[in-house]
Amino acid sequence: MSKFPAGISPLIIAFFIICVGKPVFCAQELPAEIKEQAQIYRQEGYKLQKDGDLQWAFSCYQKATLVDPDYAVAYNDMGVILESAGELNAAKEMYLKATVANTDYPNSYSNLALLYEKQKDYANAVLCWIRRAILGEESDPWAKAARKRLEDIARIYPQAFSKIGENR
């Protein structure tokens with residue numbers, strides 16, 4: 001039995017959170033020095049990741065999120081590393097943390113949509129592609145890719161659209 005009222009699924013609640021974002025009372029701006037330190041950790045991690053040192057890169061990304069718990073980019077980067085290691089559920093967790101940390105960070109929606117597609121969860125993939133398409137400018141190649149993926153899913157797996165909002 002679902003803990004949610006009839007007709008309200010966790011998927012709808014998650015989509016609402018993604019689209020509306022965090023309540024205003026949760027938003028506290030960190031001092032610039034702290035944000036800058038988190039960015040330094042992230043930059044160091046990104047360099048290590050490019051050099052193939054994924055373990056240390058992951059550690060730097062973790063430091064960045066400890067310093068700034070709302071640093072969506074670092075959560076997304078951790079998700080990329082976890083996904084490349086085959087840790088799909090852990091990667092999904094990181095991508096979801098990125099969407100909560102910053103509802104307007106587009107890369108996490110692309111990565112999450114691709115992961116959902118890999119898991120054949122097309123209903124959730126559709127929600128992420130919609131959000132990604134909304135966040136992108138007209139000339140943004142990933143926004144264009146999101147619109148294309150939505151068309152492809154509608155053609156190949158139209159049931160995905162009807163599954164949005166179903167109780168699970």
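Engineer: Would you take a moment to explain unusual backbone geometry for this structure?
Structural biologist: Most peptide bonds take the trans form, and the phi angle of most residues other than glycine is negative. Even without being a glycine, Lys120 presents a positive backbone phi close to 60°. By the secondary structure assignment, Lys120 is in the loop between α6 (106-118) and α7 (122-135).

Engineer: Just checking my understanding: could you explain the packing of helix α3 (residues 54-67) against helix α4 (residues 72-84) for this structure?
Structural biologist: Running from N to C, α3 and α4 point in directions that differ by 150°, and their axes come no closer than 9 Å. One finds that α3 runs roughly antiparallel with respect to α4. Note on packing geometry: the crossing formed by α3 with α4 is left-handed. For the pair α3 and α4, the contacting residues are Leu54, Ala57, Phe58, Tyr61, Gln62, Ala64 and Thr65 in the first and Ala74, Tyr75, Asp77, Met78, Ile81, Leu82 and Ser84 in the second. Partitioning the contact of α3 with α4 into residue classes produces ten nonpolar, three polar and one charged.

Engineer: What's the story with the environment of Leu66 in this structure? I'm lost.
Structural biologist: Tracing the backbone shows Leu66 in helix α3. A relative accessible area of 70% means that Leu66 is categorised as exposed. Distance from Leu66 to Ala38, taken between C-alpha atoms, is 8.2 Å for residues 28 residues apart in sequence.

Engineer: Explanation requested: the packing of helix α5 (residues 88-101) against α6 in the structure shown.
Structural biologist: As a packed pair, α5 and α6 sit with axes 9 Å apart at the nearest point and diverge in direction by 150°. In terms of axis orientation, α5 runs roughly antiparallel to α6. Every pair of crossing elements has a handedness; the one defined by α5 and α6 is left-handed. Contacts between α5 and α6 pair Leu88, Ala91, Lys92, Tyr95, Leu96, Ala98 and Thr99 from the former with Ser108, Tyr109, Asn111, Leu112, Leu115, Tyr116 and Lys118 from the latter.

Conventions and cut-offs
- Residues numbered from 1 in each chain as written.
- Predicted model: local features only at pLDDT ≥ 70, side-chain atom pairs only at ≥ 80, totals over all residues.
- Heavy atoms only, no water.
- Helix = DSSP H or I, 4+ residues; strand = E, 2+ residues; numbered from the N terminus.
- Axes fitted to C-alpha atoms, helices over the stretch in contact; angles between N-to-C directions.
- Parallel < 35°, antiparallel > 145°, perpendicular 65-115°, else oblique.
- Left-handed = near helix turned anticlockwise from the far one by under 90°.
- Contact = heavy atoms within 4.5 Å.
- Nonpolar A, V, L, I, M, F, W, Y, C, P; charged D, E, K, R; others polar.
- Buried < 20%, exposed > 50% of the residue type's maximum accessible area, 1.4 Å probe, protein only.

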